[in-house]
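Architecture at a glance
The primary structure of each chain is shown beneath.
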Amino acid sequence: IGMRIRKAVFPVGGMGTRFLPATKALPKEMLPIVDKPLIQYAGEEAAAAGMEEFIFVTGRGKTAIEDHFDHSYELEDLLSSRDKTDELAALRAAIPDAGQVAYTRQQEPLGLGHAVWCARNLVGNEPFAVLLADDLIQSKTPCLQQMADAAAETGGNMVAVMDVPREHTGRYGILDVGQDDGHLAEVRGLVEKPDPAQAPSTLSVIGRYILMPEVFDYLGRKEKGAGGEIQLTDAMAKMIGEQPFHGLRFEGTRFDCGDKLGFLQATIAFGLDRDDLRDGLSTYLSEITAAG
Ligand code: G1P
């Protein structure tokens, strides 16, 4: 089918209430894992998967995100005057090319579906990706790349999925699974945050999507779903049967960094993955666990 996906949408308007007080004056997407903010991990994953345009759906109090993807002349000047060339190169490498980034504001927190709908004019009539920066995925091949590869075969909508404990279905979009080869699961139904007793499976949507532009038509109806919010899940569910729709069980480990425990686990996992921190961190971890 060979469809090409060039645009990535990052809904970053959320209030981050699960992480107060840290997120009172700091966008939750700017919380760092080791030394990099969550939004930069998401941006790098999108770039690694070949995305060329980065669309941020922001909100009030989120200007730190725009500043993060721009030059800081004072800082760059300071680093270059002190011959900190590696640090300077790393900073500059994280800045997208001029015109590659667009920001639009979601003026009211009406839900994830509404946030994605706010990007409709910037996306236009082509397939696109959505990445939720809270969901951080450690993997050999970036998760979005795995999805783009799979979607090039299947066409249509695709979501990243993983099994969760049944008692957690109320936190996720949950699949009703059709044909399933253990890698790709055909989506026969999709329901947002069902009670464990009602959940059609335990296969859950993780924050990576490849979407056909027709999703904007359904989002534009602004129908409210779970929690009184305009849900992306509901718009995707309406597309079932109109075009292919699959869940991809991605290779990798996902961390829910909007959750305190998930955030701490990500910090440790990404710390242990770093040459400069591995030894010190693992020594410390074995000391405190032995003492426990
Ligand atoms: C959103 C989606 C949900 C998905 C989840 C993944 O929920 O609505 O379908 O499973 O992201 O993290 P949220 O976490 O914003 O409540």
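Read on for an overview of the structure. It should be emphasised that the depicted structure is a prediction, and the values quoted were computed from it without experimental measurement. (Residues numbered from 1 in each chain as written. Predicted model: local features only at pLDDT ≥ 70, side-chain atom pairs only at ≥ 80, totals over all residues. Heavy atoms only, no water.)

Right, let's talk about the layout of surface pockets for a bit. The space that makes up the largest pocket amounts to roughly 1000 Å³. Listing elements by their share of the lining of the largest pocket, those giving two or more residues are helix 5 (112-117), strand 11 (203-211), helix 9 (232-238) and strand 13 (253-256). Per-element tally for the lining of the largest pocket: the top contributor is strand 11, with four residues. Taken together, the residues of the lining of the largest pocket sort by class into 14 nonpolar, 11 polar and 11 charged. (1 Å grid on protein atoms, 1.4 Å probe; cavity = no way out; pocket = protein on both sides within 12 Å on 5 of 7 lines; lining within 4 Å. Points joined across faces, edges and corners; volume = space filled by probe spheres on them. Helix = DSSP H or I, 4+ residues; strand = E, 2+ residues; numbered from the N terminus. Nonpolar A, V, L, I, M, F, W, Y, C, P; charged D, E, K, R; others polar.)

This next bit is on empty space enclosed by the protein. The full count for this structure, using the stated rule, is one cavity of 30 Å³ or more. Its volume calculated, the largest cavity comes out at about 50 Å³. Surrounding the largest cavity, Tyr218, Leu219, Glu223, Ile230, Gln231, Asp234, Ala235 and Lys238 form its lining. For the lining of the largest cavity, the secondary structure elements donating two or more residues are helix 8 (215-219) and helix 9.

On to the pairing of strand 6 (residues 128-131), then. Of the two faces of strand 6, both are covered, the one formed by Phe128 and Val130 as well as the one formed by Ala129 and Leu131. Summarising the sheet, strand 1 (residues 7-11) and strand 6 pair through three bridges and their orientation is parallel. In the sheet register, Val9 faces strand 6, and the bridge partner there is Val130. Relative to strand 11, strand 6 is paired through four bridges, and the arrangement is antiparallel. Paired with Leu131 across the bridge in strand 11 is Arg208. (Buried < 20%, exposed > 50% of the residue type's maximum accessible area, 1.4 Å probe, protein only. Pairing = 2+ DSSP bridges.)

So, about the pattern of salt bridges. A complete count under the given rule lists 20 salt bridges for this structure. With a shortest N-O distance of 2.5 Å, Glu52 and Arg4 are connected by a salt bridge. Residue Glu52 is located in the loop between helix 1 (38-48) and strand 4 (53-58), and its partner Arg4 is located in the segment before strand 1; the two are separated by 48 residues in the primary sequence. Residue Glu52 is classed as partly exposed on the basis of its relative accessible area of 31%. (Salt bridge = Lys/Arg side-chain N within 4 Å of Asp/Glu carboxyl O.)

The contact between helix 10 (residues 260-272) and helix 11 (residues 278-291) brings their axes to 8 Å, and the two run at 130 degrees. Taken together, the axes of helix 10 and helix 11 lie oblique to each other. Every residue of helix 11 that contacts helix 10 at Ile268, Gly271 and Leu272 is listed here: Arg278, Leu281, Ser282 and Leu285. Its residues placed into classes, the contact of helix 10 with helix 11 shows four nonpolar, two polar and one charged. (Axes fitted to C-alpha atoms, helices over the stretch in contact; angles between N-to-C directions. Parallel < 35°, antiparallel > 145°, perpendicular 65-115°, else oblique. Contact = heavy atoms within 4.5 Å.)

Our focus in this paragraph is the nonpolar core. Within the largest apolar cluster, 80 residues are counted, with the highest numbers of intra-cluster contacts made by Phe10, Ile210 and Val215. Setting aside anything within four residues of it in sequence, one finds Val215 in contact with Phe128, Leu232, Ala235, Met236 and Met239. (Core = buried A, V, L, I, M, F, W, Y, C linked by side-chain atoms within 4.5 Å.)

On to the packing of helix 3 (residues 73-81) against helix 4 (residues 85-93). Helix-helix packing is described using two parameters, namely the angle between the two axes and the distance between the axes. Interhelical geometry of helix 3 versus helix 4 gives an angle of 150 degrees and a closest axis separation of 8 Å. As the angle between them shows, helix 3 and helix 4 are arranged roughly antiparallel. Every pair of crossing elements has a handedness; the one defined by helix 3 and helix 4 is left-handed. Contacts between helix 3 and helix 4 involve Leu75, Glu76, Leu79 and Ser80 from the former and Glu87, Leu88, Leu91 and Arg92 from the latter. In the contact of helix 3 with helix 4, the residues fall into four nonpolar, one polar and three charged. (Left-handed = near helix turned anticlockwise from the far one by under 90°.)

Near the ligand lie 13 residues; those nearest to it are Asp135, Gly173, Glu192, Lys193 and Val205. The side chain of Asp135 places a nitrogen or oxygen atom 2.7 Å from an oxygen atom of the ligand. For the ligand, the protein covers 77% of the area, taking 380 Å² as the surface of the free molecule. Its atoms largely coinciding with the cavity grid, the ligand occupies the largest pocket. (Near = heavy atom within 4 Å. Polar contact = N/O pair within 3.5 Å; in protein donor to acceptor, adjacent residues only side chain to side chain. Areas by Shrake-Rupley, 256 points an atom, 1.4 Å probe, with all protein chains shown as cover. Sits in = over half its atoms within 2 Å of the grid points.)

A full pass over the atoms with the stated rule returns eight aromatic pairs. Both rings, one in Phe10 and one in Phe54, keep their centres 6.3 Å apart while their planes meet at 15 degrees; by these two values the pair is stacked. Note that Phe10 is positioned in strand 1 and Phe54 in strand 4, a separation of 44 residues in sequence. Judged on exposure class, the residue Phe10 and its partner Phe54 are both buried. A ring pair is formed by Phe56 and Phe69, whose centres lie 5.3 Å apart and whose planes are at 35 degrees; its orientation type is tilted. Of this pair, Phe56 sits in strand 4 while Phe69 sits in the loop between helix 2 (63-68) and helix 3, placing them 13 residues apart in sequence. For Phe56, a relative accessible area of 3% translates into the label buried. For Phe69, a relative accessible area of 10% translates into the label buried. The structure contains a cluster of three or more aromatic residues connected by ring pairs, namely Phe10, Phe54, Phe56, Phe69 and Tyr103. Here Lys36 stacks its cationic end above the ring of Tyr41, 4.7 Å away from the centre of that ring. Above the face of the Trp117 ring, Arg120 is positioned so that its terminal group lies 3.7 Å from the ring centre. (Phe/Tyr/Trp six-rings, centres within 6.5 Å; stacked < 30°, edge-to-face > 60°. Lys NZ or Arg CZ within 6 Å of the ring centre and 35° of its normal.)

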